[in-house]
Each structure stands twice: as C-alpha cells, then as structure tokens.
There are 2 protein chains.
Amino acid sequence: MKRFKLFLQKLTPFQLIAAYYIIAVSVSVALLSLPVAHQPGVDWSFMDGLFTAVSAVSVTGLSVVNISDTLTVPGIFILMFVLQFGGIGVMTLGTFVWLIVGKRIGLRERRLIMADQNQYALSGIVNLMKQILLLVLIIEFSGGMILGTYFLKYYPTWQEAFLHGFFNSVSATTNGGFDITGASMIPYSHDYFIQFVIILLITLGAIGFPVLIEVKTFLFSKKGKYRFTLFTKLTTVTYSLLVIGGTIMIALLEFQFFFQDKSWHETFFYSLFQSTATRSGGLATMDVSLFSEATLLILCALMFIGASPSSVGGGIRTTTFALNLLALYHFAKGNKTIKIFKRELHEDDVKKSLVVTLMAFVLCFTSVFILTITERFTFIEILFEVCSAFGTTGLSMGITPDLSIIGKCIIMGLMFIGRIGIVTFIYIIGSKEVKPNYHYPKERVIIG
Amino acid sequence: MKRFKLFLQKLTPFQLIAAYYIIAVSVSVALLSLPVAHQPGVDWSFMDGLFTAVSAVSVTGLSVVNISDTLTVPGIFILMFVLQFGGIGVMTLGTFVWLIVGKRIGLRERRLIMADQNQYALSGIVNLMKQILLLVLIIEFSGGMILGTYFLKYYPTWQEAFLHGFFNSVSATTNGGFDITGASMIPYSHDYFIQFVIILLITLGAIGFPVLIEVKTFLFSKKGKYRFTLFTKLTTVTYSLLVIGGTIMIALLEFQFFFQDKSWHETFFYSLFQSTATRSGGLATMDVSLFSEATLLILCALMFIGASPSSVGGGIRTTTFALNLLALYHFAKGNKTIKIFKRELHEDDVKKSLVVTLMAFVLCFTSVFILTITERFTFIEILFEVCSAFGTTGLSMGITPDLSIIGKCIIMGLMFIGRIGIVTFIYIIGSKEVKPNYHYPKERVIIG
Ligand SMILES: [K+]
Ligand SMILES: [K+]
C-alpha cells in the first residue's frame, strides 16, 4: 500500500489523470457486467463490457450493442451513472468525494484538477468544482423533468416517460450520445420541441464549464459590468460559428440529395440537429450514412474539431481550431503578435494549438491507416468512425458492432485520448525527462 | 510599358515569382499548342494544353493525354524544354538570361531569387544559380548518354534510343514524371540497371540544389574538413529515412498482396522505385492502383511530405516534416529549445513548419472535399490525385484524363502551389498589410 502511494506520488498530474480514467473504466466494466444489468438471454462478452465502459466514461456514445435490446432498467441506470461520472469528469467527482469525506484539498490535488480542466489559476478551484457539479445536476434535472413530462404523450406509463426523459437529459447534457430507443433520436425526428430541448442540453454540456460559470457570474453581478475572459469569448464565438456554419453546409450540400423531398423546416432542423451533434452530442435524428460523401467529410472535420475545452466533449477543441486559423491568418499577414477581442494571444498558446492539431492529425491518420488494414469497410466509413471516436462524438455510419478486435481497441484508444485531450496525452507519453541547461549555436533551415 | 514596370515594382518578391510562373505557363501553352507538336488527327483542346503546361512547368507529370500518342518528336522536345524550364526554376533561368545579356543583377533581383530558392544569404546567389544550371545540365547530359547508349538494346534506331534516353534523363532529373512509353517505366520493370539510373537521377534532382552544391564544395575542398550546414544534414537524413521507410512499408504492406508471387529482388525494386517516386519523381514501374488501400494511404502521406526545399519537388518539404516531428517530440518532453546535430533550431522556423503543414492540410482537405462533390471517383482515388498534385509527384490511379473541368482546375492549382511552396503561397495571398505597432494585454486561453 505504501509502495502504491509512493508510485502514485511519482506520477505527474497528467499521468495521474490517465490512471484515474483507467480506474473509472475498470469500475464501469465491473458494474456493467453485473447480471442484473442485462436482459435475459443476452450474450455479454468482456469486449462488449469494455467497449461500452470506455465509450460511456469518455462520453462518446459509440456502441457495439443495441442498448435497448441489451440492458435492463437497472442496467440503464448504471449506464446513466457512468455517463455522469465520465461527463462531469473523474476529477470533479473526485474533488467532491474528497470534500464529503472532509479531507482538506492540498496543493498537489489542486494542481491535478487544474491539469484536468486545463485551468491556469489554482485559486477557487475547489469552489469551481462544486459549482460545476451543482450546475450540471440542475441542468440535467430540469431537462429530465421537462422531457419526462413531455414524453407522457409518447409512452403509456409515467415510469417509462420519465425513464426516457431523464436518460435523454443525462445523455444529452453529458454529451453521452447513448440512446434507449434503439435508433437514437430518429423516433423524434419530427418533434421539434424535443429536438430544441436536446440541442439546448447538448450545447450547455459542450460549451465549456468555465463559460457556464462566467455566464452565471455575469447574470448575478449587480453592476452588469462583468468582463468575460478571452477564453469565454473565443470559445463561444467559435462554437456558435461552427454550429451555424455546419448547419448551412449540411443544408446546402444535401439540398439536392437527402433534403430533396423535405420541407424547409425539416431541412433546417435536420441540419441544425446533426450540426450540433458533431460538436460532441452524438445523438442523431436520422441515419447519417444516408448523407452524401461530401457532407460526411464536413461532418468528419466538424467532429475532429470537437467541443470547447473543459467541457464534456473531445476533439482538438474549439480554441485550438480558432488559434490555428488566427495563426494562419496572422502568419500570412506577417504579424508577429495575434490580437483578438482587444487582447493579445500568448505565443506559447499559439504554438501549443499548432502542435496539438499536428498530433491529432498524426493520430487520426495512423488510426485510419491501421483500420484500412484490419477492417473491410469503405474509406469514408473508417474515417467517419475515427473522427467520431477522437471527437468523442459517437455518430457512426453503423460499423461499430462489426469492428475487429484490433479495430475496437483503436477506437477505444481514440475515445480515451479524445476525452483526456491531446495536451494531456502528449504529456503522458513524454513527460519523463531532465531538461538540459546548455545551448548550441542557432542555425536556420529552409522551410516549405 | 512604364506603367507595367511600375506595377511590377509594386509587387512583393513572392508575388513576382507567381507572376513569372504564370508567364512561363502561358508561353508553354502557346508552344505546346503549335500544330507541329501534335500527331495528325489529334484533338488538342485548350484545356489539354493548359493542363499539360501547368503539369510540366510545375514538373508534376500528371497528364490528361497519353504523350506518346499525342505529341510528335518536336512536341516531345518542346515538352523537355518546358520541363527544364520548370525544373531548374523560372528564377534560375531568369538570372542566367540576365547574366547573358550583360545586365548587372541588382539587390531587388537578388532578393527575388532568394525568395524563390528560400535562401537566407544574399551573397553569392548569382554564382549559385550558375552552378545549379551547370550541375543540372551535366547530370542530365550524363544520364542521357548512359540511358541512350543502354537503350540501343531496346530500340531499333540510335535516334529512338537517344530520344528515349535523353527524355527519360530530363524527366527523371527534373522530377518531371512524364513518359513517352505510354506506360511510364512499366516496360523497364525488370531492367534494374535502368531503374538504378533513374532512381539516381530522381534523387539528384529532389535532394535539393544546396545539398548538391555543398557536396561539390566538400569534394573539392582540400583539407576535407568542410562542415555541412544544418539544412543539408537535416534534409539529407530525412530524405533518406523517407525513402528507406517507404520501401520497407510498401514491401511489408504488399507482401501478401501485390508481391505474393514476386521474387525478393522484384519486391525490393518495386518497393524502392515506387518509394523514390513519391519523393516527387512520379515515374512508376507498375500500375499503382494495383496496390492495396493501406499502401495507397502511405503513398499519399509520402507524396504530401514531398521533396527537399530548393529542389525540383513539391509537398510540404522534408525539412518541414522533420521540424514537425522534432516539435512534437520536444513539446512532449517539455523542452523549450530544439537541438539537433549540435545546433539549435530557430523558434520562428519551427513555428513556420507547423503553420505550413496546417495550411497544406487545409488546402488538401478543401480540395478533396470539392472533388468529392464534382467527381464520381472513389475517395482514395481523389485523395491520391490531390496528394500527388500537391507533392508535384505525378503518380495517379488513372483518373486524371476523366476529371471534370472544375476537377482539372483544382488539380492545376495544387500543382502550382505545390511547386512554388506553401510559404510563398501564403505570402502571395496575404502580404498586403501595414503592421500596427500597438499592443494589447496578453491573455492566455485553454488549448486542447
Ligand atoms: K458524445
Ligand atoms: K513529378
């Protein structure tokens, strides 16, 4: 035990986070493998359990089984619990547990949380975690009540209505992307009220916790002169532009195809819902494999970009994408500094965003490459699955259950990395070193 | 005329380079459209001429026509001339012309050449250009003589043998990638001597002019204590690793497929030749569309990386690729500086390499996206064509002649950008600005 503690203390915060996630997955595998969780006659393999657990802890939603045909009501509650666990983040929950058991939170623990949520300031972090948890629970409860009440018109008993209501609320808010209808949100593809609520819940989960906290602070500040941080401005604008841009692109690209026989409001809601889903929601009101290849490519790009940092989503994150574009633009302009919203970006952040994107490309390319060897699917199906896993989105063209063992392992790895984020991933694989303090003469080389 | 001169002077060096290339293409279109260049009965459209000209000036080698069925012997000579023009670079030739007509080369012209060859030192640039031209001509002449003599055993007349010898020598050295056999190097797929010579010529062209000059200087330096520049070391090592790595990957991936019924030496030469071809040579000893999808993906990646800077090749360039990998590695290690070959890399070069790669990704993704809308080919065929054009490689799965007008325009654009390089391209599209000299407070944001 002492040895184990010593081992833990030797780990960097980033490695500890990975360790926590792995423990969370292990516990989830165990819980999901309880006999009470499965319907009679279901053949539940270890791989099914592991994949479902990784997918749920990373709130991705890719699934090798049909949840409604496999899990019992207790099983569905376990899944909701795991989604909650993954969505709010192992760290937030860990902090909360520590608070409950009365342990004082030391600097080391605070640093750990800081790394998980990628925050730069240590102060108030415990308070922040409490606020996050409270906020998420309030959002989920409100969503569950609204959807549950509304679902009374869909389902015969109030138990069923509220089970669907709360499961959908949790699955949307945590961006879990799982469904218990057996066909995602397709049964509600013409119910715009449900879609509106789901879109709202997905957005609240994926816009980033700091944004929610800042909006709350803004609303409760008396003078109304609260200044939003650069991060909040940047991520909210990028997030909105991605959703709007995605909606327009889908509508335009499918105008003559999938939307040919659809009305304007069907076109609008199908486009908006699927665009929102790529931020990391993962629920869908249609079979996305019906889209044309060009649309699927756009969805791949959107999923690769993913959600806001410090949110329930994955991908390279909105700020990374924004900084990439800003870096390109200002490089072309020959500007040394990047100014945005009357603030200057830090050079290190810009470089970090470029390295993160490069790493993500390398990762996704390698995954696609291996899957083209191990799987028999088309290139776009594989690319779509890879981007969906890395973005912890959970949309699929339907190949997930038929992946080979190697294929499933790769997709699990991508969901894990997508959830913890590329920065954490890079630090995990590379953070054992002694920095040498000497210099060589600088020499320039020719680039591009 | 005076107005035109004034207009020229207002252009930045980067824009001037683009202008020169455009003029080169225009002249080539005109030359290739001369009636004497075509065989009787050939239907030569403007688009055919434009595509062939862009492909030849950018020494890519993608072709919408079968050269041996279309061009006459004079036409082939015109094509060789255009390849020469594109390969050695409009700037090198321009310098040479200026020297011949006795014009003194001013600072402005020197700057221009500097930008084209991406050099940092102005001094000796004219001398360098003369050396390059001389070197290339010597290489091509030697190659032509060797191949021509050897081809006497393939072709009935010495005229034919030396036409093939010299065309192949020019096409290989300039990495032009065009063929007059009608089937690239497939007729010589079992002649290892020809392949060896062609590989040597391709490498001499694609390894980078500065490397050749440095090797020459090294060989002629008496003390033998010549120190190679960081650039030469970096690009040569990367180039070699890419060729060796590519050869191994192709051999392993096709071991059970294309190479199943082949001997070890066939496997080795097929792998080595096609690997070398992806650096930017573009000639092939087999139909690459026979490769499996995984191999084609690796070829795409290799073509995307491309050849050395200041060479006849395209892509993001070897040094960019090397700096990308170094940046990833040292970022993971948490190192502030990147040391390699007992030298330190300049921070700006590292950032530039990341921006260049990002821009290249955006460019290729956008191209693939548009082509999935306009064309009816498979995804891998489109991706392969795009990477081949951007890398000015010229390998193709055979879709080039059947591209739509929009498709051809996009491929031409990629060949042009691939040849002038992403750095020049970025500066061309973004270099009109007044740098404001004020600062905002710096603020950090959360990345990835
Ligand atoms: K999801
Ligand atoms: K070529």
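Residues numbered from 1 in each chain as written. Chains lettered and ligands numbered in written order. Predicted model: local features only at pLDDT ≥ 70, side-chain atom pairs only at ≥ 80, totals over all residues. Heavy atoms only, no water.

**Q** Before we move on, can you summarise the overall build of chain A with the specific residues and values?
**A** Along its length, chain A carries 19 helices and three strands. Of all 448 residues assigned to chain A, the portion counted as buried reaches 60%. When contacts within chain A are restricted to residue pairs at least 6 apart in sequence, long-range pairs at least 24 apart make up 71% of them. Surface accessibility of chain A: about 18400 Å² in total, with carbon and sulfur atoms responsible for 68%. (Helix = DSSP H or I, 4+ residues; strand = E, 2+ residues; numbered from the N terminus. Buried < 20%, exposed > 50% of the residue type's maximum accessible area, 1.4 Å probe, protein only. Contact = heavy atoms within 4.5 Å. Areas by Shrake-Rupley, 256 points an atom, 1.4 Å probe, with all protein chains shown as cover.)

**Q** For the coordination of the potassium ion (ligand 1), give the residues involved together with the corresponding values.
**A** Residue and element names in this part refer to chain A. For the potassium ion (ligand 1), every protein donor is listed as Val 59 (O), Thr 60 (O), Asn 175 (O), Ser 280 (O), Thr 392 (O) and Thr 393 (O), and the spread of their distances is 2.4 to 2.8 Å. Counting the intervening residues between successive donors of the potassium ion (ligand 1) yields the motif V-T-x114-N-x104-S-x111-T-T. One end of the pair, Ser 280, is in helix H13 (residues 264–281); the other, Thr 393, is in the loop between helix H17 (379–390) and helix H18 (405–420), with 113 residues separating them in the sequence. Overall, Ser 280 belongs to the buried group, its relative accessible area being 0%. (Donors = N, O, S within 2.8 Å, 3.2 Å for Na, K, Ca; no water.)

**Q** Requested: an account of the environment of B:Ser142, with residues and values cited.
**A** Residues and elements named next belong to chain B. Among the secondary structure elements, Ser 142 is positioned in helix H8 (residues 125–151). In this structure Ser 142 comes out as partly exposed when scored by relative accessible area, which is 33%. Separated by 27 residues in sequence, Ser 142 and Ser 169 place their C-alpha atoms 8.4 Å apart.

**Q** For the coordination of the potassium ion (ligand 2), give the residues involved together with the corresponding values.
**A** Residues and elements named next belong to chain B. For the potassium ion (ligand 2), every protein donor is listed as Val 59 (O), Thr 60 (O), Asn 175 (O), Ser 280 (O), Thr 392 (O) and Thr 393 (O), and the spread of their distances is 2.4 to 2.9 Å. What the six donor atoms of the potassium ion (ligand 2) show is an angle range of 65 to 150 degrees at the metal, which sorts the shape as irregular. Site description for the potassium ion (ligand 2): donor spacing in sequence, V-T-x114-N-x104-S-x111-T-T. (Tetrahedral: all angles 85-135°; square planar, octahedral: opposite > 155°, others 65-115°.)

**Q** Go over the pattern of salt bridges with me, naming the residues and quoting the values.
**A** Inspection of the entire model under this criterion finds four salt bridges over all chains. In this structure, the salt-bridge partner of A:Lys351 is B:Glu347, at a minimum N-O distance of 3.8 Å. Placement of A:Lys351 in helix H16 (residues 347–374) and of B:Glu347 in helix H16 (residues 347–374) is noted, with the two residues assigned to different chains. You can call A:Lys351 buried: its relative accessible area is 14%. When the shortest N-O distance is used, the salt bridge between B:Asp261 and B:Lys262 registers 3.2 Å. By relative accessible area, which is 64% here, B:Asp261 ends up exposed. Overall, the relative accessible area of 22% leaves B:Lys262 in the partly exposed class. (Salt bridge = Lys/Arg side-chain N within 4 Å of Asp/Glu carboxyl O.)

**Q** I'd love a proper account of the packing of helix H12 (residues 230–254) of chain A against H13(A), names of residues and values included.
**A** For any two helices packed against each other, one specifies the crossing angle of their axes together with the interaxial distance. All names here are of chain A. For the pair H12 and H13, the least separation of the axes is 8 Å and the interaxial angle reads 135 degrees. Relative to H13, the element H12 is oriented oblique. Of the two possible hands of crossing, H12 and H13 adopt the one that is right-handed. Between H12, through Tyr 239, Leu 242, Val 243, Gly 246, Thr 247, Ile 250 and Ala 251, and H13, the contact on the second element is made entirely by Thr 267, Phe 268, Ser 271, Leu 272, Gln 274, Ser 275, Thr 276 and Arg 279. For the contact of H12 with H13, the class distribution of residues is seven nonpolar, seven polar and one charged. (Axes fitted to C-alpha atoms, helices over the stretch in contact; angles between N-to-C directions. Parallel < 35°, antiparallel > 145°, perpendicular 65-115°, else oblique. Left-handed = near helix turned anticlockwise from the far one by under 90°. Nonpolar A, V, L, I, M, F, W, Y, C, P; charged D, E, K, R; others polar.)

**Q** Describe in detail helix H10 (residues 192–206) of chain A, supporting the description with residues and values.
**A** All names here are of chain A. Helix length check: H10 (15 residues) gives 21 Å between terminal C-alpha atoms against 21 Å at 1.5 Å per residue, within 8%. Those residues of H10 not exposed but buried are Ile 194, Gln 195, Val 197, Ile 198, Ile 199, Leu 201, Ile 202, Gly 205 and Ala 206. Note on H10: the residue one or two positions beyond its end, Gly 208, has a positive phi of about 105 degrees. (Expected span 1.5 Å × (residues − 1).)

**Q** Tell me about the nonpolar core, residues and numbers included.
**A** Ranked by internal contacts, the top residues of the largest apolar core, which has 273 residues, are A:Ile411 and B:Ile411. Those residues in contact with B:Ile411, other than ones at most four positions away along the chain, are B:Phe51, B:Leu62, B:Leu371, B:Glu385, B:Val386, B:Ala389 and B:Leu403. (Core = buried A, V, L, I, M, F, W, Y, C linked by side-chain atoms within 4.5 Å.)

**Q** Go over the side chain of B:Thr372, please, and point to the residues and values.
**A** Structurally, B:Thr372 is set in helix H16. A distance of 2.5 Å separates a polar side-chain atom of B:Thr372 from the backbone oxygen of B:Phe369. Setting aside anything within four residues of it in sequence, one finds B:Thr372 in contact with A:Glu293, A:Ala294, A:Leu297, B:Phe379 and B:Ile382. (Polar contact = N/O pair within 3.5 Å; in protein donor to acceptor, adjacent residues only side chain to side chain.)

**Q** Go over unusual backbone geometry, please, and point to the residues and values.
**A** For A:Phe341, which is not glycine, the phi dihedral falls at a positive 50 degrees. Here A:Phe341 lies in the loop between strand S1 (339–340) and strand S2 (343–345).

**Q** An account of the packing of aromatic side chains is requested, with residue identities and associated values reported.
**A** All names here are of chain A. With the rule as written, the count across this model stands at 42 aromatic pairs over all chains. Taking 5.6 Å as the distance between ring centres and 65 degrees as the angle between the ring planes, the aromatic pair formed by Phe 258 and Phe 259 counts as edge-to-face. Owing to a relative accessible area of 15%, Phe 258 belongs among the buried residues under this scheme. What makes Phe 259 buried here is its relative accessible area of 2%. Through pairs of rings, three or more aromatic residues link up here, namely Tyr 150, Phe 151, Tyr 154, Tyr 155, Tyr 188 and Phe 193. (Phe/Tyr/Trp six-rings, centres within 6.5 Å; stacked < 30°, edge-to-face > 60°.)

**Q** How would you sum up the environment of A:Glu381? Please name residues and give values.
**A** Residue and element names in this part refer to chain A. Along the chain, the position of Glu 381 falls in helix H17. Separated by 17 residues in the primary sequence, Glu 381 and Gly 398 have C-alpha atoms spaced 8.2 Å apart. Residues within four places of Glu 381 in sequence aside, it is in contact with Met 397 and Ile 399. Engagement of the side chain of Glu 381 in a polar contact is seen with the backbone nitrogen of Thr 378, the distance being 3.0 Å.

**Q** Could you give an account of the environment of A:Leu299, with specific residues and numbers?
**A** Residues and elements named next belong to chain A. Turning to its location among the elements, Leu 299 is positioned in helix H14 (residues 293–305). By relative accessible area, which is 0% here, Leu 299 ends up buried. Each C-alpha atom of the pair Leu 299 and Ser 388 lies 9.0 Å from the other, and the pair is 89 residues apart in sequence. Excluding residues that lie within four positions of it along the chain, Leu 299 makes contacts with Ile 250, Thr 278, Phe 291 and Phe 384.

**Q** Can you explain the side chain of A:Thr52? Please cite residues and give values.
**A** Residues and elements named next belong to chain A. Here Thr 52 is to be found in helix H3 (residues 46–57). Residue class for Thr 52 comes out buried when judged on its relative accessible area of 1%. If near-sequence neighbours (up to four positions away) are discounted, Thr 52 is found in contact with Leu 32, Trp 44, Val 65, Leu 79 and Phe 178.

**Q** Tell me about the state of the cysteines, and name the residues and values.
**A** In this structure the tally under the stated criterion is zero disulfides over all chains. Of the cysteine sulfurs around A:Cys364, a residue in no disulfide, the closest is that of A:Cys387, at 5.4 Å. By relative accessible area, which is 8% here, A:Cys364 ends up buried. Free of any disulfide, B:Cys300 has its nearest cysteine sulfur in B:Cys387, 4.3 Å distant. Overall, the relative accessible area of 2% leaves B:Cys300 in the buried class. (Disulfide = S-S within 2.5 Å.)

**Q** How would you explain a nonpolar patch on the surface if you had to name every residue and give the values?
**A** Residues and elements named next belong to chain B. A contiguous nonpolar patch, built from Val 215, Phe 218, Leu 219 and Phe 220 and spanning about 410 Å² of accessible area, is present on the exposed surface. By the element assignment, Phe 218 lies in helix H11 (residues 209–220). What makes Phe 218 partly exposed here is its relative accessible area of 30%. (Patch = residues over 30% accessible without salt bridge, like charges linked within 9 Å, V, L, I, M, F, W, Y side chains within 5 Å.)

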